[in-house]
Amino acid sequence: MSPGNPTPGKKTGLPPGSLVFVGTPSNNPIEISIIQYNEQECKEFVLHEVSEIKNYVCSTHNTWININGVYDVSIVEEIGNTFQLDPLSLEDIVNTQTRPKLDEYEDYIFCVLKDLYVEDERIMKEQLSFVLKDRLLLTFQEEKGDVFDNVRNRIRTASTKIRARGTDYLMYALIDAIVDNYFVITDWFDKELDLLEEELYKITTKTQLANIQQTHATFNAMRRAVIPAREVIFSFYKSENSLIKKKTHLFIRDLMDHIIHITESIEQAREKSNGLMNIYISGTNQNMNNIMKTLTIVSTIFMALSLIAGIYGMNFKNMPELEWQYGYFAVLGLMGLVSLGLLLFFHKKKWL
Amino acid sequence: MSPGNPTPGKKTGLPPGSLVFVGTPSNNPIEISIIQYNEQECKEFVLHEVSEIKNYVCSTHNTWININGVYDVSIVEEIGNTFQLDPLSLEDIVNTQTRPKLDEYEDYIFCVLKDLYVEDERIMKEQLSFVLKDRLLLTFQEEKGDVFDNVRNRIRTASTKIRARGTDYLMYALIDAIVDNYFVITDWFDKELDLLEEELYKITTKTQLANIQQTHATFNAMRRAVIPAREVIFSFYKSENSLIKKKTHLFIRDLMDHIIHITESIEQAREKSNGLMNIYISGTNQNMNNIMKTLTIVSTIFMALSLIAGIYGMNFKNMPELEWQYGYFAVLGLMGLVSLGLLLFFHKKKWL
Amino acid sequence: MSPGNPTPGKKTGLPPGSLVFVGTPSNNPIEISIIQYNEQECKEFVLHEVSEIKNYVCSTHNTWININGVYDVSIVEEIGNTFQLDPLSLEDIVNTQTRPKLDEYEDYIFCVLKDLYVEDERIMKEQLSFVLKDRLLLTFQEEKGDVFDNVRNRIRTASTKIRARGTDYLMYALIDAIVDNYFVITDWFDKELDLLEEELYKITTKTQLANIQQTHATFNAMRRAVIPAREVIFSFYKSENSLIKKKTHLFIRDLMDHIIHITESIEQAREKSNGLMNIYISGTNQNMNNIMKTLTIVSTIFMALSLIAGIYGMNFKNMPELEWQYGYFAVLGLMGLVSLGLLLFFHKKKWL
Amino acid sequence: MSPGNPTPGKKTGLPPGSLVFVGTPSNNPIEISIIQYNEQECKEFVLHEVSEIKNYVCSTHNTWININGVYDVSIVEEIGNTFQLDPLSLEDIVNTQTRPKLDEYEDYIFCVLKDLYVEDERIMKEQLSFVLKDRLLLTFQEEKGDVFDNVRNRIRTASTKIRARGTDYLMYALIDAIVDNYFVITDWFDKELDLLEEELYKITTKTQLANIQQTHATFNAMRRAVIPAREVIFSFYKSENSLIKKKTHLFIRDLMDHIIHITESIEQAREKSNGLMNIYISGTNQNMNNIMKTLTIVSTIFMALSLIAGIYGMNFKNMPELEWQYGYFAVLGLMGLVSLGLLLFFHKKKWL
Amino acid sequence: MSPGNPTPGKKTGLPPGSLVFVGTPSNNPIEISIIQYNEQECKEFVLHEVSEIKNYVCSTHNTWININGVYDVSIVEEIGNTFQLDPLSLEDIVNTQTRPKLDEYEDYIFCVLKDLYVEDERIMKEQLSFVLKDRLLLTFQEEKGDVFDNVRNRIRTASTKIRARGTDYLMYALIDAIVDNYFVITDWFDKELDLLEEELYKITTKTQLANIQQTHATFNAMRRAVIPAREVIFSFYKSENSLIKKKTHLFIRDLMDHIIHITESIEQAREKSNGLMNIYISGTNQNMNNIMKTLTIVSTIFMALSLIAGIYGMNFKNMPELEWQYGYFAVLGLMGLVSLGLLLFFHKKKWL
């Protein structure tokens, strides 16, 4: 479980295939859960010893081995040895900064994807790796998550489609669950954008500016997970590997439609989020206009009144008004009238 | 009938092929209307029981079954069973957020498009799904609309081209009717843009800013329907499926020209709509200039007059003007002249 | 002859292939002129009856039939019947909003292009349609224009290249004449842009803003005609249709160079025209700066003088200057010096 | 030698292949120089009669015929007849607005490029045309230039690589010399941009704005010459024409690297030049800020002092300060202190 | 070791294949170090005479010859002669401005890349050239650097993967080390951007503007090294040259993932760096707003107080307040109250 901001994506200076965990370390014990199923039955196991794993491969059932937590490099290495996985695959599994990818090896398909979810108003990423072999699927989660729970329940239910099909369909179903989450995320992000836009129509302060920048960062984190996922699903669809049965292709085509739908939403979100800056700048301009109007109104009124006062402060010998009994009060009244007149004038000009 | 703004495009956590209606629910009964026609005759039926549908398939006539309303999932499912449609197709039919697509299955072509129309100054979308089989066309409408009425009338008319041709031509004709609507919509939008632009030359307030943003949203809703439609029509044209006769290809090529024409209009609309923000910002700048000019003019005049008053408010012993009989009135006159002179000056500088 | 702004590009609700004139109607009689030529001779005819047209098809000469005016749908229809043209082609001929295109039919090539010319400082479009058959070329003009006159004269001249070649070369020559006009238009537009830019350096008012928007519209009208023309000429070049002789290909390659040259000019014009908005905004900013400078200078001077006047308006018992014989005049002199000093100061700061 | 700004790129209304000179006319006599060389020897000739040219074609030597000046159409025509060149090639040679191109004819390769050089701080273009035949290379220069001098010297030197190879290598070497010049130009332009940027940090006046626009124009002139040159060199590389020997391909690949390097520099220059407008606008904003700060400081100080003066100008009976012996001087001192205090305050706020 | 800014990329006017050093000259002696290794053993040598080099080629070991420093053209030439390298390759080796490339020659693969590192807050580039022959790898460094040290240590260690594989794997490992450095650089740059952004939220002066421009320049230097590197690695991967063993391909695929990851980071950095200008401009706008608010507040208060003073400076005969014993002090008190009231008012309006 790593936050959505980029961190160094690789440990440098090591030979390729070196197993070094890159990510947030954890002390929780790694959990290995196994589901074995075919059309007739479905058995579940939880392992405590990684060495037992090899006893669970069988040719009559589909076996799904899920490893929660990849921070213990030695366990991942032992699993790699058991199933003859290439060190390059293992390196990608334990590096939680791996870019989503689908690599075909001689006897297995290796795939990395990112699950997205929202925590404390931030988008979080979790890396998920898949190893598809004949009748066997290994999945590696960064930490125990719940993205696969729906699929697990469908397997447990007798006579569902998933029970009747192979591990290629299982892998499809799990990726479909991840892509479903992307829909949730893009909807959430869209609503965040709408909220921010509404706010921007009201106030434009430096906080809002920072919020806009934060939005761009969130958008990029999302985009970095989803865009490569499209390529992965496209490779999955195009693959002519015999591990993927022809019947499953139809479902992967459907999945492609979904991921394209999502990438379109993301492009739309980008334009929306670019528009925010325009609203912000327009807002500050509008503020400036209002300040200047205030200044102009205040200046005009006070200057007019001061001029009147100034005139009657002149020292001419012959100034008839000065001699009037109520001259002073008349002038105060005149000042009131002038203020009122100017206020009415600016009101009419829609400046007030 | 859903408004043009995006809503969650998928229900999450369900197995693929699950039939769940996504859209605005309705209590109206679903209407099924059937037209059977060939060159000689044309018969019409309205069904009240979905189970009767299977009696209307025949090999001597072309059969067009139109289902108004897709909110009753059970009816769609029964139709799917009757015509052996893939659950994935049915899922797309009842999800009114499906992205326009054209999928070829073993014995039918499945296609989803969006009809656009304007209601209360907003662009509304209605999803339309097509299933093309040999001599049979199924169409699903989100709600009872009238986009197909023209085609219906042409079928009713004897010896029209449409009567002499197959259901592939019928499907072409219906899509052509939808694309015709796109022309109406882009023209409407173009006029809206022109109106907004004209307005922006006159006033620039926060309302206008919100209108510009609203326009962008409308544009995106439109674009989301039309751009994938281009791909759909292109796939329709490229398809080598035997369900589409060679003669019909010429017409689909014509249809492609139309959809390209529309997408070009949309791109042009995008540039126009992007230009609006520039006009808005220029407008607020211009406003600021005017405010500042007002302030400068007012300040200059009042300060000049106040200075004069101030001078004659000085307490020097020897100030000859103060002794003059009409000094006071002369100064008032001087003030009048100065004001006039400054006004003329600013008028000449084109500030007034 | 329709102005360059877009109007609804299609009449909706009609079956495809319906002949409905879309454009500016006219009452002028349609003119049909025929030129028959081969290397030896060149004959010209003007028809008054569309039915006579069929008598002029011959296999020993190249025949060019030019129809001026397409607003009389019945005439176009009769010509279509005479030469067995597809209704879809006829529909495009009478719709003056058709997008430039090149369609190959079984026994003819159909092509639509736009001629551009300037009238009253606006770009006008005229639609031109071509039907190329063996030894026969039909051309349809929206109204009687003169774009083809040069080619006509070359045919009349004995022993020109055009006399020795087929109708495919004639079609090339006519398209070349249209593309030559595009050069004229892009040069005209370039000069308009330069004029506007020069103006913008001097004044920036709302009129200029409207002019910039008008320029964008003109640009789009031009682009809508030229960009598809490039595709048309490219299809013309790529075409392996036997109607286009190999020798003509070399010329069409040359034509392609020209149209690419033009599209590059258009892209350059786009950047230039986008730059105008920047100049405009910079101009208003500069104006603002000048206004603010004026305000600052005026305020500074008047406030300084008023302060002096204020000081000598104080009522202290002991203010020696007030008693001086020429105190008043000294202060007036001081005010003059202060004004001069400030003016010099602002002049030195380059504010004046 | 034509300046870098675009002028009408074609004379309109003439049949294709018409030889009309487009460019800056000149009265200098056209110069024809010939170099004949092989590994053993190198002979040079200068012709005064174009008719003699045919005597210099030989099969034992490589012959390079360079024509300086293309404004005399009749001479170009005679050369065209002598070497059987297509009229379309000749038309391109005498039109100095031809877009860079590489056309393959049956027995020769025709190529047009632009040489760029700087004169009076402006980029100038000179058109260069190449006709490559077996053992023969014709080059046409707009006017006598010196871009080929280096290559000429290499030929004169015995036992250089160029002496041992054919005219295809010679053509490569000449194009390489042109591309070398592009490096000089892009470096020059880059320095101009840096100078302008530095200037913009200091002053932002309308002159600078015009300079930025001028820079865009220069950039476009440069780009119009170089981008098509990349296509030309790419066609040169891809060409499977037997006139280009396999050994020369390696060198053309090297040339391609260079032209790609240059186009990258140009793209970078574009971004830099786009950034200038941002600096300019930021500069005017900064100016405005400074003006407003000045106004605020001046206003604050004068208003404060005027208020003091105003207070002691009040006519209350009982104002003890007025009676003080040195009240007046105390107030003048107070005014000084207030001014100083405010100046210190604004200095601390970094406004001064 | 050349700084990241572009300098003339080519010496002009020389024949292709001329060996001229382009870069920063140096007087350090060139160092040649040799590592010979196979699975059994690993021997290291340091040469002082370039002529000895030929003694170290052997068919039982892999030989890696590393040349530190390329400023001595004669040494590079001698090495070129010893190993029969094409003059074009040698020209690229000694020109430190060569664009990253991968060229396949008949019996060797030639590759140029840039190593990036940070020195004094600037990105520095060092050019590295590779010549891959069977069992032999030549590497040329611009100056002695340490980018290859990790690989050197891995070779020294017995039974590492690198010892068991050929020079193609060695070349892969070295390029991998370079790409690892790119990760370090992009992370560094990302942090620089974040720092600058944070700063921009606080102050916006001309220094910041220059910093933003400096950032663009740094970005471009980085991009110019990395983007072509992607092409190089892609060519490396696609190459079907027998020098690259099949087993190594899997590793190069992994390398491609890394370089794509980096180019994505760079694109993200570009958007971030473009966003900075927006923040800067918003900042100056905000500053202006604050200045104007200050001016408005100051003006309002002083004008109000001056008006009061002005009123009691009028010379009316009958002004009762003037006669009050404590009138003067009452007015001073009034002034204090008005100031306080206005400050409270502006505080409530959030202007203070």
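Residues numbered from 1 in each chain as written. Chains lettered and ligands numbered in written order. Predicted model: local features only at pLDDT ≥ 70, side-chain atom pairs only at ≥ 80, totals over all residues.

When helices and strands are counted, chain A shows nine helices and eight strands. What you see for chain A is a C-alpha radius of gyration of 34 Å, clearly larger than the 20 Å of a compact globule of 352 residues, by over 25%. Seen along its three principal axes, the alpha-carbon backbone of chain A occupies a region of about 120 × 45 × 30 Å. Taken across its 352 residues, chain A has 43% of its residues classed as buried. Once local pairs closer than 6 in sequence are excluded, the contacts in chain A between residues at least 24 apart make up 70%. (Helix = DSSP H or I, 4+ residues; strand = E, 2+ residues; numbered from the N terminus. Rg over C-alpha atoms; globule rule 2.2 N^0.38 Å. Buried ≥ 20, exposed ≤ 12 C-beta atoms within 10 Å, placed from the backbone. Contact = placed C-beta atoms within 7 Å.)

The next point concerns the interface of chain A and chain B. Reports often express the size of an interface as the amount of accessible area lost when the parts come together. Taken residue by residue, the interface counts 51 residues in chain A and 45 residues in chain B. Every element with two or more residues in the side of chain A that touches chain B is listed here: helix 3 (149-156), helix 4 (161-164), helix 5 (167-202) and helix 7 (246-311) of chain A. Of the residues forming the side of chain A that touches chain B, the biggest block, 31 residues, is contributed by helix 7 of chain A. In the side of chain A that touches chain B, the residues fall into 18 nonpolar, 21 polar and twelve charged. (Nonpolar A, V, L, I, M, F, W, Y, C, P; charged D, E, K, R; others polar.)

To continue, consider the relation of the copies chain B and chain C. Superposition record for chain B on chain C: RMSD 0.2 Å, screw rotation 72 degrees, translation along axis 0.0 Å. In the structure described here, the two chain copies are related by an operation that fits a five-fold rotation axis. Considering only C-alpha atoms, the residue of chain B closest to the rotation axis is Gly313(B), which sits at 4.8 Å. (Least-squares fit on C-alpha atoms with pLDDT ≥ 70 in both.)

So, on to the interface of chain B and chain C. With 50 residues of chain B at the contact, the number on the chain C side is 44 residues. At the level of secondary structure, the elements contributing two or more residues to the side of chain B that touches chain C comprise helix 3 (149-156), helix 4 (161-164), helix 5 (167-202) and helix 7 (246-311) of chain B. Counting residues per element, the side of chain B that touches chain C draws most heavily on helix 7 of chain B, which supplies 30 residues.

Glancing now at the pairing of strand 3 (residues 42-47) of chain D. In terms of strand pairing, strand 2 (residues 31-37) of chain D meets strand 3 of chain D through six bridges, oriented antiparallel. Looking at strand 3 of chain D, one finds that Tyr37(D) is bridged to Cys42(D). (Pairing = 2+ DSSP bridges.)

The subject of this paragraph is the packing of helix 1 (residues 73-82) of chain D against helix 2 (residues 87-94) of chain D. The relative placement of two packed helices is expressed as an angle between their axes plus a distance between the axes. Residue and element names in this part refer to chain D. Contact geometry for helix 1 and helix 2: axes closest at 10 Å, N-to-C directions at 145 degrees. Handedness of the crossing formed by helix 1 with helix 2: right-handed. Between helix 1, through Val 73, Val 76, Glu 77 and Gly 80, and helix 2, the contact on the second element is made entirely by Leu 90, Ile 93 and Val 94. Here the residues of the contact of helix 1 with helix 2 sort into five nonpolar, one polar and one charged. (Axes fitted to C-alpha atoms, helices over the stretch in contact; angles between N-to-C directions. Left-handed = near helix turned anticlockwise from the far one by under 90°.)

What follows is about unusual backbone geometry. Even without being a glycine, Arg135(B) presents a positive backbone phi close to 65 degrees. For Arg135(B), a count of 18 C-beta atoms within 10 Å puts it in the partly exposed group. In this structure, Glu121(E) is a non-glycine residue whose phi angle is positive, near 65 degrees. Looking at the secondary structure, you find Glu121(E) in the loop between strand 6 (109-119) and strand 7 (122-133).

In this section: the relation of the copies chain A and chain B. Mapping chain A onto chain B leaves a residual RMSD of 0.1 Å; the transformation is a rotation of 72 degrees accompanied by 0.1 Å of translation along its axis. Looking at the interface residues of chain A, only 16% of them are also at the interface in chain B, so each copy uses its own face.

The next thing to look at is the packing of helix 7 (residues 246-311) of chain D against helix 6 (residues 206-238) of chain E. As a packed pair, helix 7 of chain D and helix 6 of chain E sit with axes 11 Å apart at the nearest point and diverge in direction by 170 degrees. Classified by the angle between their axes, helix 7 of chain D and helix 6 of chain E sit roughly antiparallel to one another. Where helix 7 of chain D abuts helix 6 of chain E, its residues Glu264(D), Gln268(D), Gly275(D), Ile279(D), Ser282(D) and Gln286(D) lie against Lys206(E), Leu209(E), Gln213(E), His216(E), Asn220(E) and Arg224(E). Taken together, the residues that form the contact of helix 7 of chain D with helix 6 of chain E break down as two nonpolar, seven polar and three charged. (Parallel < 35°, antiparallel > 145°, perpendicular 65-115°, else oblique.)

Across its 33 residues, helix 6 of chain E extends 48 Å between first and last C-alpha, which sits within 8% of the 48 Å expected from 1.5 Å per residue. Maximum bend of helix 6 of chain E: about 25 degrees, positioned at Arg223(E). (Expected span 1.5 Å × (residues − 1). Bend = angle between axes of the 7 residues up to and from the residue.)

On to the arrangement of the chains, then. Regarding chain B and chain E, which are not in contact, the minimum distance between any of their C-alpha atoms is 9 Å. A gap remains between chain C and chain E, which never touch, and the nearest two C-alpha atoms on either side lie 9 Å apart.

On to the domain arrangement of chain A, then. Looking at chain A, the domain boundaries give domain 1 (2-282) and domain 2 (286-348). Just the C-alpha atoms count here: the centres of domain 1 of chain A and domain 2 of chain A sit 73 Å apart. (Domains from an automatic or database assignment.)

Relative to the helices and strands, Leu344(C) is located in helix 9 (residues 327-348). Separated by 171 residues in sequence, Leu344(C) and Ala173(C) have C-alpha atoms that sit 70 Å apart.

Take the environment of Gly283(D) next. Residue and element names in this part refer to chain D. Position of Gly 283 among the secondary structure elements: in helix 7. By C-beta crowding, Gly 283 is classed as buried, having 21 other C-beta atoms within 10 Å. Separated by 243 residues in sequence, Gly 283 and Gln 40 place their C-alpha atoms 65 Å apart. Beyond its immediate stretch of four places on either side in the chain, Gly 283 contacts Leu 200 and Thr 204.

Right, let's get into the pairing of strand 2 (residues 31-37) of chain E. The pairing of strand 2 of chain E with strand 4 (residues 62-68) of chain E spans seven bridges and is antiparallel. Across the sheet, residue Ile32(E) finds its bridge partner in strand 4 of chain E, namely Ile67(E).

This paragraph deals with the confidence of the model for chain A. Residue and element names in this part refer to chain A. Of all residues in chain A, 96% have pLDDT values of 70 or greater, and the mean over the chain is 88. This model gives residues 1-10 a pLDDT under 50, and the stretch forms 32 contacts once residues within four places in sequence are excluded. Interface predicted TM-score (ipTM) for the complex: 0.77; the corresponding pTM is 0.83. (pLDDT = per-residue confidence, 0-100.)

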